[in-house]
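# Survey of secondary and tertiary structure
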Amino acid sequence: MILTVIVTALAFSTPRKIAFSRLLTAAPALAASIWPVLPTVLLGVACVVIMIALSLVYPDLGTWFTVGAIAAVTVAAAYACSVRIKREQDFVQLRLVADAAQKVLLRPLPRNVGLLEVASMYLAAAAQARIGGDFYEAVTTPHGVRLIIGDVRGKGLPAVGSAAAVVNCFREAAYDEPDLEGIVRRLDISSTRHSCTFPTGDLLEQFTTVVLAEFPDHGGHIKILNCGHPPPLLLHQGKLQVLDPTAASPILSLATLIDTPYITDIVACAPGDLVLFYTDGIIESRNHRGEFFPLHDWMSGRTPAGPRALLDGLHRELLQHSGGELDDDIAALAVRLGDPDDDGRGRH
């Protein structure tokens with residue numbers, strides 16, 4: 001509209017030989033990028049009317065040539081506008097489907113799960129998809145609170161199916177199996193079956209890393225089974241402990257190939273301790289100099305705070321470190337241990 005007004009004013013106020021009026025052909029083309037079809041066509045018609053009025057002032061202007069050009073551009077702009085609107089509608093529908101899939105795969109966790117205060121964070125590298133191959137879940141079971149965090153090789157929509165197979169299996173196995181080894185065996189079977197049903201390449205290239213944790217209701221310790229995943233971090237009274245596994249356990253989909261047993265570690269803990277579970281997208285986040293995000297150093301300097309405050313601070317630091325550009329999906333769970341004697345619920 002501004003362009004049309006300016007060009008019209010110049011066309012009527014300048015000599016005929018300058019021929020500003022020919023710029024009117026650009027108006028409907030620009031309108032098609034943001035307007036619906038009907039306003040775009042009406043603007044084209046308005047430009048034609050302006051040219052006809054201008055021909056009354058400058059009879060030798062070559063009006064009909066410009067009118068024909070405006071008409072052609074308007075028709076093309078109307079078609080381009082309709083295609084754009086259709087693609088925008090398809091994109092909105094895709095986002096709605098992605099949101100629904102994310103809610104199924106990564107359903108919101110309550111603030112309190114059993115004795116634990118829990119907060120979660122998820123950032124997808126494929127921003128348009130909004131979901132990816134990182135996942136987490138926490139459930140209350142007869143054995144205590146059990147949680148999982150994992151990372152499927154790859155990112156974006158191709159990894160969602162594998163992540164869903166593992167998460168759905170965990171939601172059932174966490175209630176049934178008496179120990180973490182039984183859970184991870186079922187996860188391995190589910191992951192392998194999914195990879196064979198929906199092959200995307202070499203089986204050796206299709207794998208998932210996970211960490212399983214069990215927090216007994218009586219407190220005092222955590223059971224952790226790490227299958228090739230970055231180790232959790234335990235913050236106790238300002239001191240950081242990296243919970244490295246005592247022995248390597250095979251990643252999902254590869255257990256039957258390498259024939260290595262699963263090993264569960266038991267870690268002492270106390271009420272008020274914070275545990276951070278995360279995926280490798282955090283520690284592999286780079287700044288403009290190519291330096292990795294120093295998660296251990298950052299955590300070492302933390303003062304005791306709630307899980308939500310911890311993840312909010314981590315989110316800000318990651319965006320500042322990477323310049324707002326993520327190369328991989330990121331997921332994190334922050335857990336604060338409650339006191340079994342604190343009303344039996346561990347609320348803070």
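Presented here is an overview of the structure given in this document. Every chain's residues receive numbers from 1 upward, in the order its sequence appears when written. Totals for whole chains, interfaces and linings use every residue, but because this is a predicted model, local features are given only for residues with pLDDT of at least 70 and side-chain atom pairs only at 80 or more, for both listing and counting. To get the side-chain values, all heavy atoms of the structure are used, and hydrogens and water are removed first.

### Quick look at the overall build of the protein
Secondary structure counts use DSSP, requiring at least four H or I residues in a row for a helix and at least two E residues in a row for a strand, with both numbered from the N terminus. Scanning the protein from terminus to terminus reveals 10 helices and 11 strands. Contacts in the protein between residues far apart in sequence, at least 24 positions, make up 70% of those at least 6 positions apart. Residue contacts are counted whenever heavy atoms from the two residues lie within 4.5 Å of one another.

### Digging into the side chain of Arg146
Mapped onto the fold, Arg146 is located in strand E4 (residues 144–152). N or O atoms within 3.5 Å of each other form a polar contact, as long as, within protein, one can give a hydrogen and the other can take it, and as long as residues adjacent in sequence are counted only when both atoms are side-chain atoms. A polar contact of 3.2 Å, which involves the side chain of Arg146, links it to the backbone oxygen of Pro178.

### Some details on the pattern of salt bridges
A pair is scored as a salt bridge if a Lys or Arg side-chain nitrogen falls within 4 Å of a carboxyl oxygen belonging to Asp or Glu. Within this structure, the stated rule accounts for 12 salt bridges. We note a salt bridge from Glu214 to Lys223, for which the minimum N-O separation is 3.9 Å. Under the scheme applied here, a residue whose accessible area is under 20% of the maximum for its type counts as buried, over 50% as exposed, and between as partly exposed, the area being computed with a 1.4 Å probe on protein chains only. We classify Lys223 as partly exposed; its relative accessible area is 28%. When salt bridges with common partners are traced through the structure, they connect Arg107, Glu137 and Arg171 into a single cluster.

### A look at the nonpolar core
For this analysis, a nonpolar core means a set of buried residues of the types Ala, Val, Leu, Ile, Met, Phe, Trp, Tyr and Cys, connected via side-chain atoms within 4.5 Å. By size, the foremost hydrophobic cluster in this structure holds 51 residues, and its most contacted members are Phe135, Leu187, Leu212, Phe215 and Phe277. Per-element tally for this core: the top contributor is helix H5 (residues 160–176), with 8 residues. Setting aside residues up to four positions removed in sequence, Leu212 forms contacts with Leu147, Ile148, Phe170, Leu180, Ile183, Val184, Leu187, Lys223, Ile224 and Leu225. Among the nonpolar cores identified, the runner-up in size contains 20 residues, and Leu235, Leu274, Met299 and Leu311 belong to it.

### Some remarks on the sheet that holds E4
Pairing is antiparallel across the open sheet formed by 5 strands, whose spatial order is E3-E4-E5-E6-E9. Across the chains shown, the open sheet's two edge strands, defined by having one partner strand only, are strand E3 (134–141) and strand E9 (264–268). Pairs of neighbouring strands in the sheet enclose a mean axial angle of 20°, with direction left out of account. Pairing between strands is defined by DSSP: at least two bridges between them are needed. The sheet contact formed by E4 and strand E5 (residues 208–215) spans 8 bridges and is antiparallel. Within the sheet, the bridge partner assigned to Asp151 lies in E5 and is Thr209. An axis is simply a line fitted to the C-alpha atoms; with a helix, the fit covers only the stretch in contact. Between two such axes, the angle follows the N-to-C directions and lies from 0 to 180 degrees. On the sheet, H5 packs against E3, E4 and E5 and is oriented at approximately 10° with respect to E3. Strand contacts of helix H6 (residues 180–197): E4, E5, strand E6 (221–227) and E9, with the helix running at about 155° to E5, the strand carrying the most contacts.

### Overview of the sheet that holds strand E7 (residues 233–236)
If you walk across this open sheet you meet the 6 strands as E1-E2-E11-E10-E7-E8, and the pairing is antiparallel. The sheet is open, and its two edges are formed by strand E1 (112–113) and strand E8 (239–242), each paired on a single side. Of the strand pairs in this sheet, E7 and E8 are connected by 4 bridges, and their pairing is antiparallel. From the neighbouring strand, Leu234 faces E8, where its bridge partner is Gln241.

### Let's talk about the side chain of Ser190
Within the secondary structure, Ser190 is located in helix H6. Those residues in contact with Ser190, other than ones at most four positions away along the chain, are Ala165 and Cys169.

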